[in-house]
Amino acid sequence: MADPVEPRLAQGREHVVATVDEIPPGSSKVVPIGRHGVGVYNVNGTYYAIANYCPHEGGPLCSGRARGRTVVDDSVPGDQVMVRDQEFIYCPWHQWGFELATGTTAVKPEWSIRTYPVRVVGDSVIVQA
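Residues numbered from 1 in each chain as written. Predicted model: local features only at pLDDT ≥ 70, side-chain atom pairs only at ≥ 80, totals over all residues. Heavy atoms only, no water.

- In the nomenclature of an unreviewed UniProt entry, the protein chain is known as Nitrite reductase/ring-hydroxylating ferredoxin subunit of Nocardia transvalensis.

Dropping the structure here:
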């Protein structure tokens, strides 16, 4: 028997998408809001929500890995270092990276992804999308 499909939530309102225990620091959850869904991320206690859609070729962005960004640092072996751990999501198809807080990408800034406000009330995680 197939798993039941979660109904899509309407856009343009607030949705309780999880409890804080369901999305502990360092984890995420894709919720069925809109056509492609929305990924909700907990980065060290700060919650972010981003569309589950990569504008490059339509990939499922939130199936990728959340990690930091590599920057040049001549003072370390290899001349590079990872910064801002888990603050970027990388599309699993072609590794385009998007900042969770703003939806921007360095690859093609005009192709930024939509982000959504998230707030915690009590133990409920609420996304406005």
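### Observations regarding the sheet that holds strand S7 (residues 97-99)
Two pairing modes exist for strands in a sheet, parallel and antiparallel, and in both the strands are linked by backbone hydrogen bonds.
Next up, step 1: In spatial order, the strands read S5-S6-S7; together these 3 strands make up an open sheet with antiparallel pairing. Each edge of the open sheet is held by one strand with a lone partner, namely strand S5 (65-72) and S7. Averaged over all pairs of adjacent strands, the angle between their axes in this sheet comes to 55 degrees, without regard to strand direction.
Next up, step 2: Across 3 bridges, strand S6 (residues 80-90) lies against S7 in antiparallel orientation. Its bridge partner being in S7, Phe-88 is matched across the sheet by Glu-99. (Pairing = 2+ DSSP bridges. Helix = DSSP H or I, 4+ residues; strand = E, 2+ residues; numbered from the N terminus. Axes fitted to C-alpha atoms, helices over the stretch in contact; angles between N-to-C directions.)

### Topic: the environment of Pro-117
Next up, step 1: In this fold, Pro-117 is placed in the loop between strand S8 (115-116) and strand S9 (118-121).
Next up, step 2: It is 16 Å that separates the C-alpha atoms of Pro-117 and Thr-19, two residues lying 98 residues apart in sequence.
Next up, step 3: What Pro-117 contacts, discounting residues up to four positions off in sequence, is Ile-126, Val-127 and Gln-128. (Contact = heavy atoms within 4.5 Å.)

### Quick look at the pattern of salt bridges
Next up, step 1: In the structure shown here, the tally under the stated rule is 2 salt bridges.
Next up, step 2: Across the salt bridge formed by Glu-22 and Lys-29, the nearest N and O atoms sit 3.8 Å from each other.
Next up, step 3: Under the relative-accessibility criterion, Glu-22 is labelled partly exposed at 45%.
Next up, step 4: When its relative accessible area of 25% is taken as the criterion, Lys-29 is described as partly exposed. (Salt bridge = Lys/Arg side-chain N within 4 Å of Asp/Glu carboxyl O. Buried < 20%, exposed > 50% of the residue type's maximum accessible area, 1.4 Å probe, protein only.)

### Concerning the nonpolar core
Next up, step 1: Val-17, Val-40, Ile-50, Leu-61, Phe-98 and Val-127 are the most contacted members of the largest nonpolar core, which totals 27 residues.
Next up, step 2: Listed by contribution, the elements that provide at least two residues to this core are strand S1 (14-19), strand S3 (38-43), strand S4 (46-51) and strand S10 (124-128).
Next up, step 3: In terms of residue count, the dominant contributor to this core is S4 (5 residues).
Next up, step 4: Ignoring sequence-local partners within four residues, the contact set of Phe-98 consists of Ile-50, Cys-54, Pro-55, Leu-61, Glu-87, Phe-88, Ile-89, Gly-103, Thr-104, Thr-105, Trp-111 and Ile-113. (Core = buried A, V, L, I, M, F, W, Y, C linked by side-chain atoms within 4.5 Å.)

### With respect to unusual backbone geometry
Next up, step 1: Of note, the phi angle at Asn-44 is positive, near 55 degrees, even though the residue is not glycine.
Next up, step 2: For Gln-95, which is not a glycine, the phi torsion comes out positive at approximately 65 degrees.
Next up, step 3: Looking at the element boundaries, Gln-95 is found in the loop between S6 and S7.

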